[in-house]
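Topology and contacts: notes
Listed here are the chains, written in short residue letters.
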Amino acid sequence: MRRVGLNGRVIAEHDVLVVGAGLAGMRAAIAAHDAGADVALVSKLHPTRSHSGAAEGGINAALGNNAADSPESHAFDTVKGSDYLGDQDAIEIFADEAPGDIYELERWGCIFSRDENGRIAQRPFGAASSPRAIYSADITGHVLLQVCYEQLMKRALRVYEEFYAWKLVSDGDRCVGVISWDLLRGGLKSIGAKTVILATGGAGRLYAGTTNAYACTGDGAVMALHAGVPLKDLEFMQFHPTTLFPSGILITEGCRGEGGTLLNAEGERFMERYAPQKLELASRDVVSRSEQTEIDAGRGVNGSVLLDLRHLGRERIVSRLPGTREVTLTFLGIDPINEPIPVRPGAHYHMGGVDTDVDGRTVLGGLYAAGEVACVSVHGANRLGGNSLMETITFGRRAGAAAAEEALGQPARPVPEGAERDAERELGELLDRTAGERPWSIRDELARSMHENFGLFRREEQMQSQIEIVAGLRERYRSVLVEDKGSVFNTDLTQALELGSLLDLAACMLEPGLAREESRGAHSRPDDFPERDDENFLRHSLVTWENGEPELGWKPVTVTKWQPAARTY
Ligand SMILES: Cc1cc2nc3c(=O)[nH]c(=O)nc-3n(C[C@H](O)[C@H](O)[C@H](O)COP(=O)(O)OP(=O)(O)OC[C@H]3O[C@@H](n4cnc5c(N)ncnc54)[C@H](O)[C@@H]3O)c2cc1C
């Protein structure tokens, strides 16, 4: 039986509480602190283990260092890349503010790679009209994360580390805190806050083949959903064109930016047929679909295509892509200096997320979101490589500043006792269960079936069947069994809670997927609706949670300057 005491109780109160300590969370916390608020962060991982640290290839801002560029051009590329589903007011703010944010990061100590004149170097990335991706070799996320962590320590910000945030607490129309499970000591802990910022990252673990870490389980999105906040554009999951066969580890777009080419089994550079101008640097949705088409037509190699870097030469590979070489040598024994790398599309980035305005505000008073968990929406139906890291910084900063300003004008409200009692009862029921199904079988079935039925290409019959599969898995989850009843690092418990998030999120993705009867960006329906349909679907999907089930609504897209046009590369 259960050995753990739940003891839900308020352990602290802050002006601003940030849930998540990746790039978005740390940047938000720094901005909120600098605006005068008392700030703390909650994170299930140590901050520098956050998945932002895995980012490799680059971060986009129109510095124009290596070729003429402008924020206007960055904004247009992003709008076109989004297949016109991105909100253009948000995209304009994003492109205008990105260069200033990069210089600030540099002043904080980010060591960016340099060009021959000593300026910050910029490499070409997919669907960008100029070389725009700023980088630190191919460990850009690692460098950014360490520098932001230094800034966090410099300000002595409190981090509730290894706290698993489980529920948002609302008091009427406002969010007033967060209830977490203390991973190190056990027990439920409540933290009160005048404003809360969700920055919990993505949900790639919904899919069997993904570049995402085990921690990317969509917790924050589901916390918001359960608190009555709509989730936007969830049907759009990006499949990255170059994930290593068979492990799914990311091979950065920087490889193609440096001149890498994609070949099929016949040695043909097949992108010449699909995107004659941009070739391998067409947008990710286009390149991934082209690869899968080749593989499905029998021109693949073991379910993959080949990424060829050999012509770049040893020196360039060693200096610009050392991390890639290390990964291929370690995991496949392949040295890209001598051999091409087998790659295939894999789930990578969730364009959808918590519906926010351009300052990260949600419809629930006091609740904000930033980074991959949020949908501002800058990426629309397809994100451009390099835009996500920039989004974490620019919109993390904006959300932090806005949340601080709101908090400083608010009286503190206590966390209602009823919320803690309810959470204790719910967790107690889970821990007291002595028979049932282990979480892993449900989790594996979910990931396998999502990959198969709601992946790169979508078909009505498969989506219908996936809705039933997910409903069945949710039913089985009601009797999920947590065997470990202990209180110290009970990963059995947290994995069960994460699975709950994944299941609810999957249910919410399928509804808009089925309803969106068109092909746009990452949502491709080749058989029944192969074209984009602006008349009926130039709109965001919005899912809310009603009586434990997803309910679908829609919301207009903001168009400022760029009318939808055909998208060719
Ligand atoms: C392999 C890889 C390479 C990439 N390369 C690039 C690139 O080159 N350029 C680019 O622009 N983008 C890239 N991306 C995308 C980009 O890195 C991510 O979208 C971005 O870093 C996400 O940052 P984030 O702060 O939103 O989330 P994360 O960095 O994932 O941080 C999430 C935080 O939330 C915390 N958390 C989550 N759930 C809970 C919970 N329940 N309780 C408490 N804490 C919680 C975690 O502990 C963590 O601190 C890449 C992505 C991957 C997977």
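All of the points below concern the structure found in this document. This structure is a prediction, so every number in the text was calculated from the model and none was measured. Every chain's residues receive numbers from 1 upward, in the order its sequence appears when written. Local features in this predicted model are restricted to residues of pLDDT 70 or higher, and side-chain atom pairs are both shown and tallied only at a pLDDT of 80 or more, whereas totals for entire chains, interfaces and linings draw on every residue. Excluded from the side-chain calculation are hydrogens and water; included are all heavy atoms of the structure.

Attention now moves to the overall build of the protein. Under the scheme used here, helices are H or I runs from DSSP no shorter than 4 residues and strands are E runs no shorter than 2 residues, and both carry numbers assigned from the N terminus. When helices and strands are tallied, the protein shows 16 helices and 19 strands. For the radius of gyration, the atoms used are the C-alpha atoms, and the globule rule reads 2.2 Å times the number of residues raised to 0.38. In terms of C-alpha radius of gyration, the protein reaches 23 Å, essentially the compact-globule figure of 25 Å for 569 residues. Principal axes of the C-alpha set define a box for the protein whose edges measure 65 × 50 × 50 Å. Buried residues in the protein amount to 61% of all 569 residues. For the protein, long-range pairs separated by at least 24 residues make up 74% of all intrachain contacts whose partners lie at least 6 apart in sequence. If you sum the accessible surface of the protein, you get close to 20300 Å²; carbon and sulfur atoms cover 48% of it. Once the 60 positive and 83 negative side-chain charges of the protein are each reduced to a mean point, those two points are 3 Å apart. The buried label applies to any residue whose accessible area, calculated with a 1.4 Å probe on protein chains only, is under 20% of its type's maximum; exposed applies above 50%, and partly exposed to all values in between. Contacts were defined at the residue level, with two residues in contact if any of their heavy atoms lie within 4.5 Å. Surface accessibility follows the Shrake-Rupley procedure with a 1.4 Å probe radius. Residue values consider only the protein chains on display as shielding. Two residue types count as positive, namely Lys and Arg, and two as negative, namely Asp and Glu; His and chain ends fall outside the count. By convention, the charge on Lys lies at NZ, on Arg at CZ, on Asp at CG and on Glu at CD.

By the element assignment, E92 lies in helix 3 (residues 88–108). We call two N or O atoms a polar contact when they sit within 3.5 Å, provided that within protein one can donate a hydrogen and the other can accept it, with sequence-adjacent residues counted only if both atoms are side-chain atoms. Among the polar contacts listed, one links the side chain of E92 to the side chain of T560, at a separation of 2.6 Å. Every residue in contact with E92, bar those within four places of it in the chain, is listed here: T560, K561 and W562.

Two strands are said to pair when DSSP picks up at least two bridges between them. Strand order in this open sheet of five strands is 17-15-10-18-19, and the pairing throughout is mixed. Looking at the sheet topology across the chains shown, the edges are occupied by strand 17 (374–375) and strand 19 (549–556). The angle between two axes is taken between their N-to-C directions and runs from 0 to 180 degrees, where each axis is a line fitted to C-alpha atoms and a helix contributes only its stretch in contact. Against the sheet, helix 5 (residues 219–226) engages strand 10 (231–232), strand 15 (353–355) and strand 18 (539–546), with an angle of about 70 degrees to strand 18.

Empty pockets left among the atoms are what a rolling probe the size of a water molecule brings to light. A cavity here means a set of points on a 1 Å grid, drawn over the protein atoms and nothing else, where a 1.4 Å probe fits but cannot get out; a pocket is an open set with protein on both sides within 12 Å along at least five of seven lines, and a residue lines either one if it has an atom within 4 Å of a point. Grid points are joined across faces, edges and corners, and a volume is the space filled by probe spheres set on the points. Space inside the second largest pocket adds up to approximately 1100 Å³. Around the second largest pocket, the lining comprises 37 residues; the ones closest to its centre are K167, H226, E426, Y477 and D504. Put simply, the parts of the chain that give the lining of the second largest pocket at least two residues each are strand 7 (163–171), helix 5, helix 12 (417–432), helix 14 (460–477) and helix 15 (491–515).

Another aspect to go through is the pattern of salt bridges. Proximity of charged atoms lets side chains of opposite charge pair with each other. Salt-bridge detection follows one rule: a side-chain nitrogen of Lys or Arg within 4 Å of a carboxyl oxygen of Asp or Glu. Tallying each qualifying case throughout the model produces 57 salt bridges. Salt-bridge contacts for R273 lead to E294; the nearest nitrogen and oxygen are separated by 3.1 Å. Taken together, the positions of R273 in helix 7 (residues 271–274) and E294 in helix 8 (residues 284–299) put the pair 21 residues apart, joining distant regions of the chain. Judged by its relative accessible area of 0%, E294 is buried. Between R476 and E437 there is a salt bridge, with the nearest N and O atoms lying 2.7 Å from each other.

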